[in-house]
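Results of the structural survey
Take a look at the letters that make up each chain.
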Amino acid sequence: MRKILVIGSLNMDQVLQIEHIPVAGETILCQDMKLVCGGKGANQAFTCGRLGCHVEMLGSVGQDENGSALLANLKGEGVDTLHIQRLPDYPTGMAVIAVEKTGNNSILVIQGANVMTDEAYISANIDRIQAADAIVLQLEIPLPTVTFAAREGKKAGKLVILDPAPAAELPDELYHCVDVIKPNETELGLLTGMPVGTAEEIERAARRLLERGVGSVVVTLGGAGAMLVHNGGSVLFPGKKVEVVDTTAAGDSFTAAMAMFLTEGYSLEQAITFAIEVAAVVVTRPGAQSSIPNVDEIGEIHELFI
Ligand code: RIB
């Protein structure tokens with residue numbers, strides 16, 4: 001089995017169930033708060049591990065209880081955490097996630113140790129990039145680190161996948177090193193500064209990312225599915241109708257599932273179909289890593305993979 005390396009963030013999520021996302025100046029009362037293992041990078045590594053993939057993660061946590069819990073959760077799914085650094089002077093990253101009744105959320109991230117996932121640390125672990133077949137990146141660690149890792153991955157001939165969340169202005173050099181980018185429609189609008197209100201607008205904005213140098217663009221559209229845009233054309237993939245409880249980690253699990261299929265040599269079309277199945281389960285359950293299905297829970301499509 002081929003190997004995925006996820007380079008990214010690890011956070012302990014404080015999850016609050018609320019009636020609605022607060023507006024500026026509003027105070028909202030909540031009944032309780034749950035701690036759930038999260039972080040976009042860790043959620044992706046966890047998904048790969050849970051779905052039976054050979055996966056390693058690079059990132060940083062503090063020498064605190066949250067860091068220990070995050071590492072234990074990843075190890076429990078077979079993720080290789082050996083080279084994740086534990087830093088005495090930084091707390092593990094945290095996120096405050098408010099989930100409203102519709103399942104939509106708003107997330108505040110306290111970066112903590114994630115800021116120390118820097119170029120020096122990746123340089124010291126460059127052999128981990130060389131040992132992998134695919135590199136999966138997001139934007140909750142410093143942008144120069146993401147660019148450096150993508151460049152090294154590209155140089156070594158690896159498949160480079162970027163989940164551009166949270167969206168930020170990205171340098172052309174990074175776009176040139178990315179084989180597949182997976183923004184949601186909001187992130188696509190922020191990355192390009194273009195309207196994304198209709199399918200035509202989404203395709204036009206995605207083409208802008210192709211012009212900037214990425215290989216393929218996969219735009220997730222929430223319950224409406226996903227759109228693949230590449231130089232050969234575009235394909236719309238329908239979503240699955242499910243009862244949405246909490247959308248946290250839907251994008252992360254989609255990226256991970258897609259990365260798994262691509263790494264094993266399946267087509268982007270097959271990878272997206274599989275990823276939609278996985279994310280459709282994730283949104284029916286609360287929390288980040290607590291919501292990720294295993295192979296038995298995602299229907300017959302997983303048989304393509306194992
Ligand atoms: O994508 C969901 C994740 O974003 C949460 O787990 C939270 O930690 C933030 O990183």
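Now for a quick tour of the structure. (Residues numbered from 1 in each chain as written. Predicted model: local features only at pLDDT ≥ 70, side-chain atom pairs only at ≥ 80, totals over all residues. Heavy atoms only, no water.)

Time to look at the overall build of the protein chain. If you tally the helices and strands in the protein chain, you get ten helices and 14 strands. What you see for the protein chain is a C-alpha radius of gyration of 18 Å, in line with the 19 Å of a compact globule of 306 residues. In terms of its C-alpha atoms, the protein chain occupies a principal-axis envelope of roughly 50 × 45 × 40 Å. The buried share of the protein chain, taken over its 306 residues, is 53%. For the protein chain, the proportion of contacts with a sequence separation of at least 24, taken over those separated by at least 6, is 67%. On the protein chain, roughly 12600 Å² of surface is accessible, and the fraction owed to carbon and sulfur atoms is 53%. Charge separation in the protein chain, taken as the distance between the mean sites of 21 positive and 38 negative side-chain charges, equals 3 Å. (Helix = DSSP H or I, 4+ residues; strand = E, 2+ residues; numbered from the N terminus. Rg over C-alpha atoms; globule rule 2.2 N^0.38 Å. Buried < 20%, exposed > 50% of the residue type's maximum accessible area, 1.4 Å probe, protein only. Contact = heavy atoms within 4.5 Å. Areas by Shrake-Rupley, 256 points an atom, 1.4 Å probe, with all protein chains shown as cover. Lys, Arg positive; Asp, Glu negative; His and termini not counted. Charge placed at Lys NZ, Arg CZ, Asp CG, Glu CD.)

Mapping Thr 147 onto the fold places it in helix H5 (residues 143-155). Judged by its relative accessible area of 7%, Thr 147 is buried. In this structure, Thr 147 is in contact with Pro 171, Glu 173 and Leu 174, ignoring residues within four places of it in sequence.

A separate point is the packing of helix H9 (residues 250-263) against helix H10 (residues 268-282). When two helices pack together, their arrangement is given by the angle between the helix axes and by the axis-to-axis distance. Close contact between H9 and H10 brings their axes to 8 Å; oriented N to C, the two are set at 145 degrees. Considering the relative orientation of H9 and H10, their crossing is right-handed. Note on element contacts: H10 touches H9 through Leu 268, Gln 270, Ala 271, Ile 272, Phe 274, Ala 275, Ile 276, Val 278, Ala 279 and Val 282, opposite Ala 250, Ser 253, Phe 254, Ala 257, Met 258, Met 260, Phe 261 and Leu 262. (Axes fitted to C-alpha atoms, helices over the stretch in contact; angles between N-to-C directions. Left-handed = near helix turned anticlockwise from the far one by under 90°.)

By volume, the largest pocket is sized at about 1200 Å³. In this structure, the largest pocket is lined by 44 residues; those nearest its centre are Asn 105, Asn 184, Thr 247, Ala 250 and Gly 251. Counting residues per element, the ones that place at least two in the lining of the largest pocket are strand E2 (11-18), helix H1 (40-50), strand E7 (93-100), strand E8 (105-110), helix H7 (185-192), H9 and H10. Broken down by class, the residue content of the lining of the largest pocket amounts to 18 nonpolar, 17 polar and nine charged. (1 Å grid on protein atoms, 1.4 Å probe; cavity = no way out; pocket = protein on both sides within 12 Å on 5 of 7 lines; lining within 4 Å. Points joined across faces, edges and corners; volume = space filled by probe spheres on them. Nonpolar A, V, L, I, M, F, W, Y, C, P; charged D, E, K, R; others polar.)

Take the sheet that holds E8 next. Here we have four strands laid out as an open sheet, ordered E3-E2-E7-E8, and mixed in their pairing. This sheet does not close on itself; its edge strands, each paired only once, are strand E3 (33-38) and E8. Strand after strand, the sheet turns through a mean of 25 degrees between neighbouring axes, direction not considered. Pairing of E7 with E8, which is carried by six bridges, proceeds in the antiparallel orientation. (Pairing = 2+ DSSP bridges.)

Okay, the packing of aromatic side chains next. The geometry of two aromatic rings is summed up by the distance between their centres and the angle between their planes. In this structure the tally under the stated criterion is two aromatic pairs. Ring geometry for Phe 261 against Phe 274: centres 4.3 Å apart, planes inclined by 20 degrees, an arrangement best described as stacked. Remark: Phe 274 occurs in helix H10 and Phe 261 occurs in helix H9; sequence separation between them is 13 residues. The buried category is assigned to Phe 274, whose relative accessible area is 1%. Cluster of aromatic residues (ring-pair linked, three or more members): Phe 261, Tyr 266 and Phe 274. (Phe/Tyr/Trp six-rings, centres within 6.5 Å; stacked < 30°, edge-to-face > 60°.)

As summarised here, the arrangement of the eight strands in space is E4-E1-E9-E10-E11-E12-E13-E14, forming an open sheet in which the pairing is mixed. A single partner strand is all that each edge strand has here, and the edge strands are strand E4 (54-58) and strand E14 (233-237). One ladder, built from two bridges, connects strand E11 (residues 180-181) with strand E12 (residues 216-220); its direction is parallel. The residue of E12 that forms the bridge with Val 180 is Ser 216. Contacts from helix H8 (residues 199-211) reach E11, E12, strand E13 (226-230) and E14 within the one sheet, and its direction differs from that of E13 by about 45 degrees. Its contacts with the sheet put H9 on strand E1 (3-7), strand E9 (134-137), strand E10 (159-162), E11, E12 and E13, and the angle it makes with E10 is roughly 165 degrees.

The environment of the ligand is made up of 14 residues, and the closest members are Asp 13, Gly 39, Lys 40, Glu 140 and Asp 252. Lys 40 has a polar side-chain atom sitting 2.9 Å from an oxygen atom of the ligand. Residue Asn 43 places a side-chain N or O atom 3.0 Å away from an oxygen atom belonging to the ligand. Summarising the interface, the protein chains cover 97% of the accessible area of the ligand, which totals 280 Å² for the free molecule. More than half of the atoms belonging to the ligand lie within 2 Å of the grid points that define the largest pocket. Residue composition of the shell around the ligand, by class: five nonpolar, five polar and four charged. (Near = heavy atom within 4 Å. Polar contact = N/O pair within 3.5 Å; in protein donor to acceptor, adjacent residues only side chain to side chain. Sits in = over half its atoms within 2 Å of the grid points.)

By themselves these figures say nothing about function.
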